[in-house]
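# Structural characterization, general
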Amino acid sequence: MNRSQLAHFMKSSGDPEETLTAATTDELGIIVDALYRNLDTPKPVFGAQDWYDLATEELARRTAPSSPDAYGAA
């Protein structure tokens, strides 16, 4: 995903949190990669840092092992 595609995606997606939560894990990986590469440029797309933070949090949530106490908590 290049800079213009990323900017268009971010602008047309509406709520970042809803968009990232609805994405598949593979799609989320692509988005995180594109955001990371964009942030490593002299002029990142406006809002890319916020999107990156939300996307990495969502990806970490999905890939974190379940807590051993999660089943007994209810």
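A brief structural summary. (Residues numbered from 1 in each chain as written. Predicted model: local features only at pLDDT ≥ 70, side-chain atom pairs only at ≥ 80, totals over all residues. Heavy atoms only, no water.)

Any two side chains of opposite charge can pair if their charged atoms end up close together. A full pass over the atoms with the stated rule returns three salt bridges. Between Arg 37 and Asp 33 there is a salt bridge whose closest N-O contact spans 3.0 Å. On the criterion of helical spacing, the pair formed by Arg 37 and Asp 33 is a turn pair, its members being four residues apart in helix α3 (residues 25-39). Where Glu 58 meets Arg 62, a salt bridge forms, and the shortest distance between an N and an O atom there is 2.8 Å. Taken together, the positions of Glu 58 and Arg 62, both in helix α4 (residues 48-63) and four residues apart, correspond to about one turn of that helix. Since its relative accessible area comes to 10%, Glu 58 is described here as buried. Classification of Arg 62 as partly exposed rests on a relative accessible area of 25%. Through salt bridges that share partners, Glu 58, Arg 61 and Arg 62 make up one connected network. (Salt bridge = Lys/Arg side-chain N within 4 Å of Asp/Glu carboxyl O. Helix = DSSP H or I, 4+ residues; strand = E, 2+ residues; numbered from the N terminus. Buried < 20%, exposed > 50% of the residue type's maximum accessible area, 1.4 Å probe, protein only.)

Turning to the packing of aromatic side chains, a few remarks are in order. By the definition in use, this model includes two aromatic pairs. Ring plane angle 65° and centroid distance 5.5 Å describe the contact between Phe 9 and Trp 51, whose orientation is recorded as edge-to-face. Residue Phe 9 is located in helix α1 (residues 3-12), and its partner Trp 51 is located in helix α4; the two are separated by 42 residues in the primary sequence. Here Tyr 36 and Tyr 52 contribute two aromatic rings whose centre-to-centre distance is 6.2 Å and whose plane-to-plane angle is 40°, an arrangement assigned as tilted. With Tyr 36 in helix α3 and Tyr 52 in helix α4, the pair connects residues that are 16 residues apart, well separated along the chain. (Phe/Tyr/Trp six-rings, centres within 6.5 Å; stacked < 30°, edge-to-face > 60°.)

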